[in-house]
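Breakdown of the fold
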Amino acid sequence: MTDDKNVQEIFIGRNPLLITNVKYQGKNVDIFLDGTGTISAIGEGIRSRHKGEADYIIDGDGAIALSGLVNTHTHAGMSLLRGYADDMVLQDWLAQKIWPLEAHLTGQDVYWGTKLSCLEMIRTGTTAFNDMYFFMEDAARAVDEAGIRAMLCYGFIDLNSDEKRENECRATERLVGHIRSMNNPRIQAAAGPHAIYTVSPAGLKWCAEYAAEQNIGIHIHLSETEHEVNECVEQYGKRPVAHLDDCGILTPRTVAAHGCWLDENECSVLARRGVSVAHNPVSNMKLATNRAMPWHWLTGAGVTV
Ligand SMILES: [Zn+2]
């Protein structure tokens, strides 16, 4: 398809690329991308004008051209853990299997796991993803090399410990500084308070204030399980959305993942605050979440899903 050159090199986006005879908006067109990865020409018969400039030519016959897909909630480094623990509910899966294993992961592991995820995403049309994990400097290196776009956050987990919270704040600041220093327009940083059951109110408030001050996104898990909702009501006397709202987490820069156990009123609050919700049906089935995200309430209230 690409003559005898290495396909992977194309993904770096540093070589002019011509795609011929591809279906776009009902017509067969040619698309020319310049050396910055920007589409600089699109239309019928473009190939004769740009053939000489292109380092690579892809025959697009039988294929369609469309915008890249965006995966709004990932832990890309976890591709290495795929199949390690199945048929368990979230809390047992995390506490008994995943967290003990993750304690042994290294930055190199996260680099390779993220790189594998990037290749799988590129192969199936995903060009951007919203990722939360740790060793994120290594994840950023994988993203940089893969040529894909990502918003990366450090998964902030303080488990109500002051000492842990200090570490998590510094780790978040380090990642944001590191990503800025990479100066790669395809990679952005976000704050990543993991969830209400792993982050103290003080930790949530710190993330909210820091994200506002830095003008960066917030990535969090929200009402993934019924257990999370019940525990929140028991502990704080309010449901998760009210709790997060009191901590300042609900903003137009916030992406909340799962949202399976939201009630109708919570969906309206999310809409008013401009929060976007990530729909994760495969994860919800894997971890037996036992309720689908209430898409009709969310979209009815005007939330971007
Ligand atoms: Zn998640």
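Everything below is about the structure printed above this text.
Residues numbered from 1 in each chain as written. Predicted model: local features only at pLDDT ≥ 70, side-chain atom pairs only at ≥ 80, totals over all residues. Heavy atoms only, no water.

Quick look at the pairing of strand E4 (residues 56-59)
How we decide: In this scheme, a residue with accessible area under 20% of its type's maximum is buried, one over 50% is exposed, and one in between is partly exposed, where area comes from a 1.4 Å probe on protein chains only. Secondary structure counts use DSSP, requiring at least four H or I residues in a row for a helix and at least two E residues in a row for a strand, with both numbered from the N terminus. Should DSSP find at least two bridges between two strands, the strands are regarded as paired.
Only one face of E4 is covered, namely the one carrying Tyr-56 and Ile-58; the face carrying Ile-57 and Asp-59 has none of its residues buried. Looking at chain direction, strand E1 (residues 17-24) and E4 are connected through four bridges and run parallel. Its bridge partner lying in E4, Ile-19 is registered against Ile-58.

Points about the coordination of the zinc ion
Basically, it comes down to this: Coordination here is defined by N, O and S atoms within 2.8 Å of the metal (3.2 Å for Na, K and Ca), and since water is not considered, a site can look incomplete.
Only His-73 (NE2), His-75 (NE2) and His-221 (NE2) from the protein coordinate the zinc ion, and they sit 2.0 to 2.1 Å from it. Between consecutive donors of the zinc ion, the numbers of intervening residues give the motif H-x1-H-x145-H. Classification of His-75 as partly exposed rests on a relative accessible area of 23%.

Points about the nonpolar core
What counts here: Side-chain atoms within 4.5 Å are what join buried Ala, Val, Leu, Ile, Met, Phe, Trp, Tyr and Cys residues into a set we call a nonpolar core. Residues are treated as being in contact if the distance between any of their heavy atoms lies within 4.5 Å.
Core analysis: the largest hydrophobic core is formed by 65 residues, its most contacted members being Trp-93, Ile-249 and Leu-270. Here this core takes six residues from helix H7 (residues 201-214), the largest share from any one element. What Trp-93 contacts, discounting residues up to four positions off in sequence, is Met-78, Ala-85, Met-88, Ile-98, Lys-286 and Leu-287. Membership of the second largest hydrophobic core comes to eight residues, among which are Ile-31, Leu-33, Tyr-56 and Ile-58.

Some details on the packing of helix H5 (residues 136-146) against helix H6 (residues 162-182)
Here is the rule: To get an axis, a line is fitted to the C-alpha atoms, and for a helix only the part in contact is used. The angle between two axes follows their N-to-C directions and goes from 0 to 180 degrees. Angles are sorted into four bins: roughly parallel if under 35 degrees, roughly antiparallel if over 145, roughly perpendicular if 65 to 115, and oblique for all others. Crossings are assigned a handedness: left-handed for a near helix turned anticlockwise from the far helix by less than a right angle, right-handed for a clockwise turn.
Where H5 contacts H6, the axes come no closer than 10 Å and their chain directions differ by 25°. If you check the angle between H5 and H6, you find them roughly parallel. When the axes of H5 and H6 are compared, the crossing they make is right-handed. Mapping the contact onto sequence places Met-136, Glu-137, Ala-140, Arg-141 and Asp-144 in H5 and Arg-174, Leu-175, His-178 and Met-182 in H6.

Observations concerning the sheet that holds strand E8 (residues 187-193)
What the seven strands build is an open sheet, ordered E5-E6-E7-E8-E9-E10-E11; its pairing is parallel. A single partner strand is all that each edge strand has here, and the edge strands are strand E5 (69-74) and strand E11 (276-278). Ignoring strand direction, the axes of neighbouring strands in this sheet form an average angle of 25°. Against the sheet, H5 makes contact with strand E6 (126-133), strand E7 (149-156) and E8, and its axis sits at roughly 170° relative to E7, the strand it touches most.

Examining the packing of aromatic side chains
Worth spelling out the cut-off: Pairs were defined over the aromatic rings of Phe, Tyr and Trp, the Trp ring being its six-membered one, requiring ring centres within 6.5 Å. Orientation was assigned from the angle between planes: stacked under 30 degrees, edge-to-face over 60, tilted for the rest.
Applying the stated criterion across every chain, the model contains five aromatic pairs. For the ring pair Tyr-111 and Trp-112, a centre distance of 4.8 Å and an interplane angle of 75° mean the geometry is edge-to-face. Classification of Trp-112 by relative accessible area gives partly exposed; the value is 47%. Where Trp-206 meets Tyr-210, the ring centres are 4.8 Å apart and the plane angle is 10°; that geometry is what we call stacked. You can see Trp-206 and its partner Tyr-210 sitting in helix H7, four residues apart, about one turn around the helix. The class of Tyr-210 is buried, set by a relative accessible area of 8%.

A closer look at H6
Which entries qualify depends on this criterion: Expected span of a helix: the number of residues minus one, times 1.5 Å. Comment: arc refers to directions from the helix axis out to C-beta atoms.
Counted at 1.5 Å a residue, the expected span for H6 with its 21 residues is 30 Å, and the 31 Å between its end C-alpha atoms agrees. Considered for burial, the residues of H6 that qualify are Arg-165, Glu-168, Cys-169, Ala-171, Thr-172, Leu-175, Val-176 and Ile-179. Taken around the axis of H6, the buried residues stretch over an arc of 165°, which confines them to a single face. Facing away from the buried surface of H6 by more than 90 degrees, the exposed residues are Asp-162, Glu-163, Arg-174 and Ser-181. In this fold, the buried residues of H6 make contact with H5, E7, E8 and H7.

Examining the pattern of salt bridges
Quick note on the threshold: The term salt bridge refers to a pairing of a side-chain nitrogen on Lys or Arg with a carboxyl oxygen on Asp or Glu at a separation within 4 Å.
Applying the stated criterion to the full structure yields 14 salt bridges. Arg-170 serves as the salt-bridge partner of Glu-166, at 2.5 Å between the closest nitrogen and oxygen. In this pair, Glu-166 and Arg-170 both sit in helix H6, four residues apart, roughly one turn of the helix. When the shortest N-O distance is used, the salt bridge between Arg-170 and Glu-173 registers 2.8 Å. Taken together, the residues Arg-170 and Glu-173, both in helix H6 and three residues apart, mark about one turn of the helix. Given the relative accessible area of 30%, Glu-173 is considered partly exposed.

Notes on the sheet that holds strand E3 (residues 39-43)
Backbone-to-backbone hydrogen bonds pair the strands of a sheet. The strands run either parallel or antiparallel. Ordered by their spatial adjacency, four strands build an open sheet running E3-E2-E1-E4, and the pairing between neighbours is mixed. The open sheet is flanked by E3 and E4, the only strands paired with a single partner. Pairs of neighbouring strands in the sheet enclose a mean axial angle of 20°, with direction left out of account.

Here's the deal with the packing of H6 against H7
Our working definition: Ten residue types, Ala, Val, Leu, Ile, Met, Phe, Trp, Tyr, Cys and Pro, are classed as nonpolar, four, Asp, Glu, Lys and Arg, as charged, and the remainder, Gly among them, as polar.
Taken N-terminus to C-terminus, the directions of H6 and H7 make an angle of 20°; their axes are 10 Å apart at the nearest point. Of the possible angle classes, the one that applies to H6 and H7 is roughly parallel. In the crossing of H6 with H7, the sense of the turn from one axis to the other is right-handed. On the side of H6, the interface is formed by Arg-165, Cys-169, Arg-170, Thr-172, Glu-173, Val-176 and Arg-180, while H7 contributes Ala-202, Gly-203, Trp-206, Tyr-210 and Gln-214. For the contact of H6 with H7, a count of residues per class yields five nonpolar, three polar and four charged.

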